[in-house]
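Residue-level structure breakdown
Given next are the chains, with one letter for each unit.
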Amino acid sequence: MLSQLKIRLWLSLALLCVARLASADAFDPPPTYYNTATGSGVTLKAQLQDIIDNHTVRSYDDARFILQVTDADPAQPGHMIVVYDRVSENVAEINPGGLIPGWDGGMTWNREHTWPQSRQVGSSGPDQSDLFNLRPSFPGSNSDRGNLNFGGAFGSRPGGKMFGALNDGGTVWYPGDADAGMIARQEFYMAVRYDGSDANTTNLELFAGNPAESQGLGNLTRMIEWHFAAPPDDFERRRNQIIFDDYQHNRNPFTDRPELVWSIFVDQANDSRIAIAGTTVGADGASTREVDLGRVFVGGAVLAAQSLTLNKTGMDGTYFEVTTSGAATSSLAGRFNAFRTNQSDSKSIEVGLNTNTSTAGLRSGTVTIDNLDITTGGGAGRGASDANDVFDVSLTVLHHATPSFSGGSELTTLFHDFGSFVEGAVSPTFSFDVFNFGILAAFTADLDFDSLVPAGDASSFLTNLSPAAGALTLAGGASANFDALISTATAGEFAAAYTLWFSDEDLPGALTKSLSLVLVGEVTMAGDFNFDGSVDVADYSVWRDGLGSTFVAEDFELWKANFGRIAGGVGAFTGAAASVPEPATWLLVLPAITTLGRRNRCLRGSAL
């Protein structure tokens, strides 16, 4: 049966995790915690020292059970993360029935001073038991490290001793990639927290290279490198929060605000500039990128985020914050993002939208990149003077295109009767429009005129539809004008139907739609005044009776020239009925009509 102490420890950790999940950011400091940290350099260092000193001191003995909580493995209940490459150790099986469950007198794990006692921490005072300095360690690692200075390039090898490390001044200890950034921030904390003003403490200082034991701790240059290569993760931030909430009631400023490191430990002239790749960067360092995710129909899938690149110019490292507004999403978020030092650097970022396509319209949002460095000596567009970089992300959700013969409603069929015309007469033009009809024109898909399929007497009509088929595209709300004529070269009654095929622009889910145009008309034979399909004596009587009101003298010439024609047999004659009047008769009637004016003929013709 587990001891009451262990039950209380595990229950405390469980409740803490639940409480963290209930807040927006589980491990953020109180909103006003760093309000007085407004300076830079040595001033800022002193301001932070005032904020984090006078913490609640826990004894070195207390660390035997506290470290099991602060360094618990959140992925494996009953396990603890051991420093130097973060191995997960099953402490639930260590001394389960003892006075301190999980502790066996230091045989399985012990308490490692990441800032060694022999390097001015000593064996008494608050620095000796400060939980930000202590980490659980395997005895072998603790012994191997001894009081070596830290060193080694990030990513160079697993944690351990490095003999004669180049650029590090001799034999040093590399904490491993997983712990390097966190170790650096622990030592930054120690160098700020302890200035010698507390009893039984000295002024702790960090140095480049491989300083002597009596001098302080190194290698500061490597720690700066690690700090920007490995930003605070959830394990480190959770640990910071637990120490603040439950034990010491102070925080590590460099876990909460990693951007303060450069000003305190390097200089006031950080030269970093962040910009979006492929953009024009202003003198103030600002850049903007329009990220158009594309167009999609109502009800379609939201288009995938786009992968883009952020570049950092300048040799100095920096932290940056990523915030979103509107419906924008980003693969990078928050303030714990960093670019490495001693090199230019780049990072991939995916930006998209968290939205739906239930209605037509524009979906949008922004992703903003803020260089968090606080120094101003690097010049315009550098460090704190580097203006924000913005991704403007958009997605257009469209209604389907709708072809119509009307701009005010959906009209899919159009009928036009040209009426009746005499052979050779000039046909009036019938003009009509084709619209891409949409209530929301700006959010209606483009309409493609794909093809034209004629039927019936299409050869008896002339249109300019064919050249447009396969070439015309109409934006939402736009229209195109077309013309149609009837050919009067041949007599007859004519009717043609045209199917106009359209489709949406080339997007997933595009639809095909059509319009129907019907044209009819009649062309009569010249001289067939009674419209009975033949030119004969009966037509002469009609002409004579209408002379001066309906007909003119020239109409007689048409009758005479076409006398004997019948429908279906142009130029055919049918016996006596087709006899042409004698010239004497023409001479009798011509003088009576030569003085009459001529009229325009468009018999039985009416436009729709």
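A brief look at the structure comes next. For every chain, the first residue of its written sequence is number 1, and the numbers climb from 1 along that sequence. The model is predicted, so local features are restricted to residues of pLDDT at least 70 and side-chain atom pairs to those at 80 or more, both for listing and for counting; the totals for chains, interfaces and linings are taken over all residues. Based on all heavy atoms of the structure, the side-chain values leave hydrogens and waters out of the count.

Attention now moves to the sheet that holds strand β8 (residues 287-297). The strand order across the open sheet built from 5 strands is β8-β15-β14-β10-β12, with neighbouring strands paired in mixed fashion. Each end of this open sheet is capped by a strand with a single partner; those strands are β8 and β12 (334-339). Taken over all neighbouring pairs, the strand axes of this sheet differ in orientation by 20° on average, direction set aside. When DSSP finds two or more bridges between a pair of strands, those strands are recorded as paired. Numbering of helices and strands runs from the N terminus; a helix is a DSSP stretch of H or I covering at least four residues, while a strand is a stretch of E covering at least two. Relative to strand β15 (residues 389-398), β8 is paired through 9 bridges, and the arrangement is parallel. Bridge pairing links Thr-288 to Val-390 in β15. An axis is simply a line fitted to the C-alpha atoms; with a helix, the fit covers only the stretch in contact. Between two such axes, the angle follows the N-to-C directions and lies from 0 to 180 degrees.

A simple rule labels every residue: compare its accessible area, found with a 1.4 Å probe on the protein chains alone, to the largest value its type can have, and call it buried under 20%, exposed over 50%, or partly exposed in between. Within helix α8 (residues 220-229), 8 of the 10 residues are buried, leaving the element largely enclosed by the surrounding structure. Those residues of α8 that fall on the buried side of the exposure criterion are Leu-220, Arg-222, Met-223, Ile-224, Glu-225, Trp-226, His-227 and Phe-228. Contacts are assigned to residue pairs with any non-hydrogen atoms lying within 4.5 Å of each other. Contacts made by the buried residues of α8 are with β6 (170-174), α7 (177-193), α10 (253-256), α11 (261-265), β10 (318-326) and β12. We call two N or O atoms a polar contact when they sit within 3.5 Å, provided that within protein one can donate a hydrogen and the other can accept it, with sequence-adjacent residues counted only if both atoms are side-chain atoms. The N-cap of α8, judged by a side-chain oxygen 2.9 Å from the amide nitrogen of Thr-221 a few residues on, is Asn-219.

As a further point, take the pattern of salt bridges. Between Lys or Arg on one side and Asp or Glu on the other, a salt bridge is scored when a side-chain nitrogen of the former is within 4 Å of a carboxyl oxygen of the latter. In the structure shown here, the tally under the stated rule is 24 salt bridges. With a closest N to O distance of 2.8 Å, Glu-225 and Arg-222 form a salt bridge. Separated by 3 residues within a single helix, Glu-225 and Arg-222 lie in helix α8, roughly one turn from each other. The pair Glu-225 / Arg-222 is uniform in exposure class, with both members buried. The closest approach of N and O atoms between Asp-256 and Arg-251, which form a salt bridge, is 2.6 Å. As far as burial versus exposure is concerned, Asp-256 and Arg-251 are alike and both buried. Several salt bridges share partner residues, and in doing so they unite Asp-71, Arg-86, Arg-135, Asp-179, Asp-233 and Arg-239 into one network.

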